[in-house]
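# Chain and residue survey
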There are 2 protein chains.
Amino acid sequence: MPKSFFPPQRTLMGPGPSDVSPRVLAALARPTIGHLDPAFIDLMDEIKVLLQYAFQTKNALTLPVSAPGSAGMEAVFANLLQAGDKVIVCQNGVFGGRMKENVERCGATAIMVQDDWGKPVDPDKLEEALRANPDALAVAFVHAETSTGVRSDAKALSALAHRYDCLAIVDAVTSLAGIELCVDDWGIDAVYSGTQKCLSCVPGLSPVSFSDRAVACIRKRRQRVQSWFLDMNLIMDYWGGDAKRSYHHTAPVNALYALHESLLMVQEEGLAAAWARHALHHKAFAVGIEALGLGFVVDASARLPQLNAVTVPTGINEAAVRAELLQAWNLEIGSGLGALAGKVWRIGLMGHTASQTNVLKCLTALGSTLQSMAAAVDTDAAVAAAKKIYQA
Amino acid sequence: MPKSFFPPQRTLMGPGPSDVSPRVLAALARPTIGHLDPAFIDLMDEIKVLLQYAFQTKNALTLPVSAPGSAGMEAVFANLLQAGDKVIVCQNGVFGGRMKENVERCGATAIMVQDDWGKPVDPDKLEEALRANPDALAVAFVHAETSTGVRSDAKALSALAHRYDCLAIVDAVTSLAGIELCVDDWGIDAVYSGTQKCLSCVPGLSPVSFSDRAVACIRKRRQRVQSWFLDMNLIMDYWGGDAKRSYHHTAPVNALYALHESLLMVQEEGLAAAWARHALHHKAFAVGIEALGLGFVVDASARLPQLNAVTVPTGINEAAVRAELLQAWNLEIGSGLGALAGKVWRIGLMGHTASQTNVLKCLTALGSTLQSMAAAVDTDAAVAAAKKIYQA
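Note that the coordinates shown come from a computational prediction; the quantities given were computed from them, not determined experimentally.

What follows deals with the relation of the copies chain B and chain A. Superposition record for chain B on chain A: RMSD 0.0 Å, screw rotation 180 degrees, translation along axis 0.0 Å. What the rotation and shift describe, once combined, is the action of a two-fold rotation axis. Interface residue correspondence from chain B to chain A reaches 100%, placing this contact among same-surface, isologous pairings.

Facing 62 residues of chain B, the contacting portion of chain A comprises 62 residues. Where the side of chain B that touches chain A is concerned, the elements lending two or more residues are helix H1 (22-28), helix H2 (38-55), helix H3 (69-80), helix H4 (94-105) and helix H10 (253-269) of chain B. For the side of chain B that touches chain A, the element with the most residues is H10(B), which contributes seven residues. Its residues assigned to classes, the side of chain B that touches chain A comprises 31 nonpolar, 20 polar and eleven charged.

Below, the discussion takes up the pairing of strand S8 (residues 167-171) of chain A. All names here are of chain A. Here S8 lies mainly inside the structure; five of its five residues are buried. Burial along S8 is two-sided: Leu-167, Ile-169 and Asp-171 and Ala-168 and Val-170, pointing in opposite directions, are all buried. Relative to S8, strand S5 (residues 138-142) is paired through five bridges, and the arrangement is parallel. Across the sheet, Val-139 pairs through a bridge with Ala-168, a residue of S8. Taken together, the three bridges between S8 and strand S9 (residues 190-192) define a ladder with parallel strand orientation.

Moving on: the domain arrangement of chain A. All names here are of chain A. On domain assignment, one finds that chain A holds domain 1 (21-268) and domain 2 (271-391). The straight-line distance from the C-alpha centre of domain 1 to that of domain 2 is 29 Å. Facing the 22 residues of domain 1 at the interface are 23 residues of domain 2. Classifying every residue of the side of domain 1 that touches domain 2 by side-chain character gives ten nonpolar, nine polar and three charged.

The subject of this paragraph is the sheet that holds strand S4 (residues 109-114) of chain B. All names here are of chain B. A sheet is described by the order of its strands in space; here seven strands give the open sequence S2-S10-S9-S8-S5-S3-S4, paired in mixed fashion. The strands lining the two open edges of the sheet, one partner per strand, are strand S2 (61-65) and S4. Direction aside, the axes of adjacent strands within the sheet are offset by 15 degrees on average. Where helix H8 (residues 212-219) meets the sheet, its contacts fall on S2, strand S8 (167-171), strand S9 (190-192) and strand S10 (206-210), and the angle it forms with S8 comes to roughly 105 degrees.

Residues and elements named next belong to chain B. For the pair helix H5 (residues 123-132) and helix H6 (residues 154-163), the least separation of the axes is 10 Å and the interaxial angle reads 15 degrees. If you check the angle between H5 and H6, you find them roughly parallel. Here the hand of the crossing between H5 and H6 comes out right-handed. Residues Pro-123, Leu-126, Glu-127 and Leu-130 of H5 touch H6, and the partners they reach there are Ala-156, Leu-157 and Leu-160.

Core analysis: the largest hydrophobic core is formed by 276 residues, its most contacted members being Val139(A), Leu167(A), Val139(B) and Leu167(B). Among all residues touching Val139(A), those that are not within four sequence positions of it are Ile88(A), Leu126(A), Leu157(A), Ala161(A), Cys166(A), Ala168(A) and Ile169(A).

All names here are of chain A. The seven strands are arranged S2-S10-S9-S8-S5-S3-S4 in an open sheet whose pairing can be described as mixed. Edge positions in the open sheet fall to strand S2 (61-65) and strand S4 (109-114), since each of these has one partner strand only. Mean inter-strand twist for the sheet, computed between neighbouring axes without regard to direction, equals 15 degrees. Packing of helix H2 (residues 38-55) onto the sheet brings it into contact with S2, S9 and strand S10 (206-210), and relative to S2 it is tilted by some 105 degrees. Here helix H4 (residues 94-105) sits on the sheet and contacts strand S3 (86-91), S4, S5 and S8; the angle it forms with S3, its principal contact strand, is near 165 degrees.

So, on to unusual backbone geometry. Excluding glycine, residues mostly carry a negative phi; peptide bonds, for their part, are mostly trans. Look at the link from Gly16(A) to Pro17(A): it is a cis peptide, with omega at 5 degrees. By secondary structure assignment, the location of Pro17(A) is in the loop between strand S1 (11-13) and helix H1 (22-28). Although it is not a glycine, Asn330(A) adopts a positive phi angle of roughly 50 degrees. With respect to the helices and strands, the residue Asn330(A) is situated in the loop between helix H11 (318-329) and strand S12 (331-335). Residues other than glycine seldom take positive phi values, yet Asp165(B) does so here, at roughly 60 degrees. For Asp165(B), the position within the fold is in the loop between H6 and S8. Under the C-beta neighbour-count criterion, Asp165(B) is labelled exposed, with 10 such atoms within 10 Å.

Thresholds, definitions, all that
Residues numbered from 1 in each chain as written. Chains lettered and ligands numbered in written order. Predicted model: local features only at pLDDT ≥ 70, side-chain atom pairs only at ≥ 80, totals over all residues. Least-squares fit on C-alpha atoms with pLDDT ≥ 70 in both. Contact = placed C-beta atoms within 7 Å. Helix = DSSP H or I, 4+ residues; strand = E, 2+ residues; numbered from the N terminus. Nonpolar A, V, L, I, M, F, W, Y, C, P; charged D, E, K, R; others polar. Buried ≥ 20, exposed ≤ 12 C-beta atoms within 10 Å, placed from the backbone. Pairing = 2+ DSSP bridges. Domains from an automatic or database assignment. Axes fitted to C-alpha atoms, helices over the stretch in contact; angles between N-to-C directions. Parallel < 35°, antiparallel > 145°, perpendicular 65-115°, else oblique. Left-handed = near helix turned anticlockwise from the far one by under 90°. Core = buried A, V, L, I, M, F, W, Y, C linked by C-beta atoms within 7 Å.

The following block contains the structure:
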């Protein structure tokens, strides 16, 4: 007979979800009200404004899709693409591959530009593809690849897309609020994210934003959007600016309370301060990891502070390490995905998780676990190296 | 400058969301853990078993889609249909129309069988359509039409579908846990529901279940499912019975805590007791409504206990009544949808909301509000009539 579920109290240092602050959990649990209640409509308006701040955009069509990041990705492609369209997809990890899946399921063609996993998207290769495909409608790439921990130059890639008269579609699932992301200044036309990464909200929502140019592209479609649930033409009538909101689907009311609170926290801290905080804790973590004798998949110049793909030392069973961290330390870190499965750990320092306490805890837990598996690592040196960064 | 949001404390007697019990809200707010955490995988297994009980099915493919009921509807159609397929859709309200939208966006053809709004689906008309369309793949209908409050005979309609070798697709968004629903005994092949109706969980998830016959239909598809996010072939690898779960998307962890708790409450009460409770409170509410001199859209024989479409008296501004109920009584009731907009109120008695306290509160609030608008109604008589039912 099942009983009420009381989860273990983990520290979430995987690729997401990140730790959700008690403040956000408290907001989540406030009494449910109707999705057409005037008080809720006001909340929706505030969420839009707070999301515009987080994305650094004035885009009117900025809202959270009522489903996880994968649905946000699908919302972008399904609304912008029609059968027969051509999109240049830059792939340097798992999520570029998911973009390809989405493009093809819309009946469109994905022209793939491949880069090595762990390397940023190469603008030169993209430009070559743009030259070879003057009929392409859009360029799509991942700003922060969660599978490898690499950052691509979203500003340069978006500018390049525009130079060839393409829309710039950006996956910002892991970048939003963790590293610099300036949707308007960089000319991004469609962007989607998730709530469970650097926003440190509960998983289940996907903030999206569309430029006026992207909205025009949606409005002039000849084919209907293949997804009713994700059709922005309909969703705009519910999330739109008019006093009269039309029912489309029942919004996930409580999750939106939580998103509102987590966005408030981002605004209170300030985006620049949040970016600096992620950079600081990454720096301390990285020197600690190096002091443990471990390496990174990604060169320091392109490394994401919030997602660290750390190489597993030879002879170490990576799954056994994760199991021990979870069991003895209540600490979750992630495994490798796709081509990196078995070869790396993915260690997140996202949002609320990105703190000195967690950096030191993770270095200590990882070091002592490796020692217990007969690896020659110096945990004390790692902790000391990290502390030095904080004292600087 | 936005501040933390503290919602008003409403009583939710609209068409959903219904009132969420404090027990479910407490579960919702427990600390987030990873979607691949062994403790979470165990929770997923329990949710599947509890959902099988709620649906009265042994279907292995029974799980909550990570998005609202509209996405559950789309998951059913997008997985079962391929371009060129033909589906007979029975429409007697708004949601049959949404089914048509979904069928068409899959590139399939919807053969519409129309019944008057407020009347159950007519099996004779369906049989006529089945005879005229021997190549139809499936029959789709709404068990409990949330737009009108009518119940159709899901058992008879499903049997008819099978007699003509069609799959039976059932919208059980408002019926699940509110009225009898026996997926296996009735031979339903694909069914979707919502969490925010008679389960009294927070909105945002859509429980679905597929029979073996439906799963076979999904497995033998030649075309890929047009939605990556809703592709059951992929979702099965995450929610499936194997020890090894593959990552598909990040599950809405906290919403699933809440769903687990609400399903536990259904199991503790017992489905038959829950159905009887909904019937009892409806009976008391209905005599009260009649004592107020108001009528129902639906004949008593086909009326849903959990969703009451009450006709607005002549000369009364229905929106003003709703606004007054919300403002003075913190009581939400719903407006009419589609063809019934402006003509009815939709008053829900769903899940946790279905209680004597709420029945008496609603009759009193509605009666006194109508009186204040110069309608000749006797609130005391309404309350007395309802109380009599409870004393019987």
